[in-house]
Each structure stands twice: as C-alpha cells, then as structure tokens.
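Coordinate inspection notes
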Amino acid sequence: MTQPHAHSPQHYGHDHAGIAPLLDLDAEVLHEALFAITNTLRAARDGQRTRRVLDLGAGTGTGTMALAERFPRADIYALDRSEQMLDLVRSKAFFRGIPERVHTVRADLDDVWPAFEPFDVAWASLSLHEVADPDRVFENILAALAPGGLLAVVEMDTRPFVLPDDLGLGTPGLEARIHTAVAPARAPMNLHPDWTDALVRAGFTDVARHRFEIAPSPQALARFASGPTPGERASVLARYAHTSLLRLRDAAWPGLNQEDRDTLDILLAADGPHSLLNRGDLTVNGTRSLWLARRP
Ligand SMILES: C[S@@+](CC[C@H](N)C(=O)[O-])C[C@H]1O[C@@H](n2cnc3c(N)ncnc32)[C@H](O)[C@@H]1O
C-alpha cells in the first residue's frame, strides 16, 4: 500500500481499482451486519425458490459471495463496468469452490442493459449512488425481475467513525471535521439519497427501509494478517481505519487547518506510536440502510 508523505496530498488517487482493498476490508468489518442484512432479504423471499440473483455494481464481490451463501441453489450474476473488479469476483468464486454458480457480466448500468432471463432477486450495495440516472436504472431493474421478485438496495447512512474523539494529539473531534471537509468534494463512497420515493415511482411495491448497526465483534476486528510491514501485520480494524482515512485524505485536505492536516498525517504514518496501524483505541460505528422492494 502507498504510504503517506507529509503534506503531499497529490499522492492519493481515487481510481476505481484503488478502492478494491477498502471494499475487501469493508467486507470483513461488515461480515456480521451483512449476515443480518441477507437474512432479512431471505426472510422476505418467504420460502419462494431463488434460482437467479443479480448483483449490480458488484465491486470485489462482497455481496456476490454473501448472496451465494444465503441462496445456495442460486446462480449469482455479478455485474460491474470494471473488468478489474470482475476479475476479483471470479477469483473469489474460484477460491470458494463455487465458480460454476458465479457469473460475471461487464456492463455499464447507465447504458442499454444486456438482455437477461428474469431474476428472482436483484441486489445493489453502495453502487446506485454512483449511477447517472437512478430513475432509469430502477426501471431497468424492475424489468429485469420476475413478477414477485425482490430488489435489495444497501447504502451507508453515514461514513463510519473509527477514531476516538480525543486522540491525545491535536484538537479533539478530528474525524467529524474530516467528514465535513469531505462532504462537498463528494469523495468515493459518498452519501446517498433516501431511495424510497424513487422505488415507488419506478413501480415497486412493498417498499420498506431497514437499518442495521455496524457493530462488529471484537474478535472479527482483532484478526491479524501476517506480512513483512506493520501495515500488513496490523489488525483488520487498524487496516480498515488506515485505508478508509487514507482514501478521504485528498478530498478533506483543502477543508482542514494545518494542525488537523499534521495530525492526520501522523495517524496515517506507516509506523510510530500514534499511527493508526499501532493504536489500540479504534472502533467502527455506523449504520447501513437496506431497502427492500418487490416487483408486483
Ligand atoms: C463502492 S463499490 C461497491 C461494491 C460492492 N457492491 C460492495 O458493496 O462492496 C461500487 C461499484 O459499482 C460499480 N459501478 C459504479 N457505477 C456503475 C455503472 N454505471 N455501471 C456498472 N457498475 C458501476 C463500480 O465499478 C464499483 O465496483
């Protein structure tokens, strides 16, 4: 991973493939919440057979794999416009021993959609806030579902908080100021509108919003990897905090004062007592929303 150099925000790009490590860490942090979310989706299927599932904007395949586990008799179609993301999905399917059930589709949701056989379930996690015309995309999803089919949309309600208010360094409240500074820049994984009205407008019924706490167990967060650098050896939580704040750095930079910039760079340093990779006072706090909607 690229390590920060003090006062050189130009080092941090926001290309699409660059988000892959954060998405994979997100999957680890989200594991328990994702279980609850897919449980709610499966319960809403009410015992109906689920044979075909479409994951829209699949990224590195977090949802694809969770759906494959939840619907063990289904074929999962992972759609993304990025071939690099789809490569990652294919290798995950291979390592999990389910390559024959996971299909990848390279397509742009903003273009004309490929012709599909009807799906029982469509899933879109952290992807619909990126499309150009959500109304048109919702109409296309409705058309891609079989009658009675379900759409599940998942979004972050707020950016997750990972830092304690008082870091013992700089002025307390840094993370809230970072979030405020990022908001106007619309950095990746930005916030989303409430999709309820758009779903109803598109013709979905039984539209309901559910909220899920992201409160991973200490065991899930404490897992360590092995590797030669402190970054590679850090816990899931430390790597998640480091990777997510590193990703916000560019967008937040112009809106932070010099003291906050200095503090952020100390946190993002590859090592040192205050580095995120070495701190013992990190947490993950946040919520995600799930919208369930049915094709009549
Ligand atoms: C933030 S990632 C979320 C990935 C995954 N669903 C998850 O929850 O971890 C958004 C994904 O949507 C894809 N995406 C964004 N706009 C898209 C579009 N118009 N057509 C197809 N894929 C798109 C991106 O390439 C990226 O992989």
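Residues numbered from 1 in each chain as written. Predicted model: local features only at pLDDT ≥ 70, side-chain atom pairs only at ≥ 80, totals over all residues. Heavy atoms only, no water.

Looking at an unreviewed UniProt entry, one finds the protein named Methyltransferase domain-containing protein and attributed to Okibacterium fritillariae.

Evaluation of the coordinates by the stated rule reveals 4 aromatic pairs. Pairing tyrosine 77 with phenylalanine 119 gives two aromatic rings, centres 5.4 Å apart and planes at 70 degrees, and the pair type is edge-to-face. Residue tyrosine 77 is located in strand β2 (residues 75–80), and its partner phenylalanine 119 is located in strand β4 (residues 119–125); the two are separated by 42 residues in the primary sequence. The burial state of tyrosine 77 is the same as that of phenylalanine 119; both residues are buried. (Phe/Tyr/Trp six-rings, centres within 6.5 Å; stacked < 30°, edge-to-face > 60°. Helix = DSSP H or I, 4+ residues; strand = E, 2+ residues; numbered from the N terminus. Buried < 20%, exposed > 50% of the residue type's maximum accessible area, 1.4 Å probe, protein only.)

Once that is clear, we can look at helix α6 (residues 174–182). Regarding α6, the residues found buried are Leu174, Glu175, Ile178, His179, Ala181 and Val182. Each buried residue of α6 lies within a common arc of 165 degrees when the element is viewed along its axis, so the set occupies one face. Packed against the buried residues of α6 are α10 (236–252) and α11 (258–268). (Arc of directions from axis to C-beta. Contact = heavy atoms within 4.5 Å.)

Turning to the pattern of salt bridges, a few remarks are in order. A full pass over the atoms with the stated rule returns 13 salt bridges. As a salt-bridge pair, glutamate 69 and arginine 96 come within 3.9 Å of each other at their nearest N and O atoms. Placement of the pair is glutamate 69 in helix α3 (residues 62–70) and arginine 96 in the loop between α4 (83–95) and β3 (102–106), with a sequence separation of 27 residues. For aspartate 206, the salt bridge identified is with arginine 294, shortest N-O distance 2.9 Å. Taken as a pair, aspartate 206 in strand β6 (residues 205–213) and arginine 294 in strand β7 (residues 287–294) lie far apart in primary sequence, 88 residues in all. According to the relative accessible area criterion, arginine 294 is partly exposed, its value standing at 21%. (Salt bridge = Lys/Arg side-chain N within 4 Å of Asp/Glu carboxyl O.)

Close to the ligand lie 16 residues; Gly57, Asp80, Asp108, Leu109 and Ser125 are nearest. A distance of 3.3 Å separates a nitrogen atom of the ligand from a polar atom in the backbone of arginine 81. Against a free-state accessible area of 590 Å², the protein chains account for coverage of 98% of the ligand. Looking at the shell around the ligand, its residues break down into 6 nonpolar, 5 polar and 5 charged. (Near = heavy atom within 4 Å. Polar contact = N/O pair within 3.5 Å; in protein donor to acceptor, adjacent residues only side chain to side chain. Areas by Shrake-Rupley, 256 points an atom, 1.4 Å probe, with all protein chains shown as cover. Nonpolar A, V, L, I, M, F, W, Y, C, P; charged D, E, K, R; others polar.)

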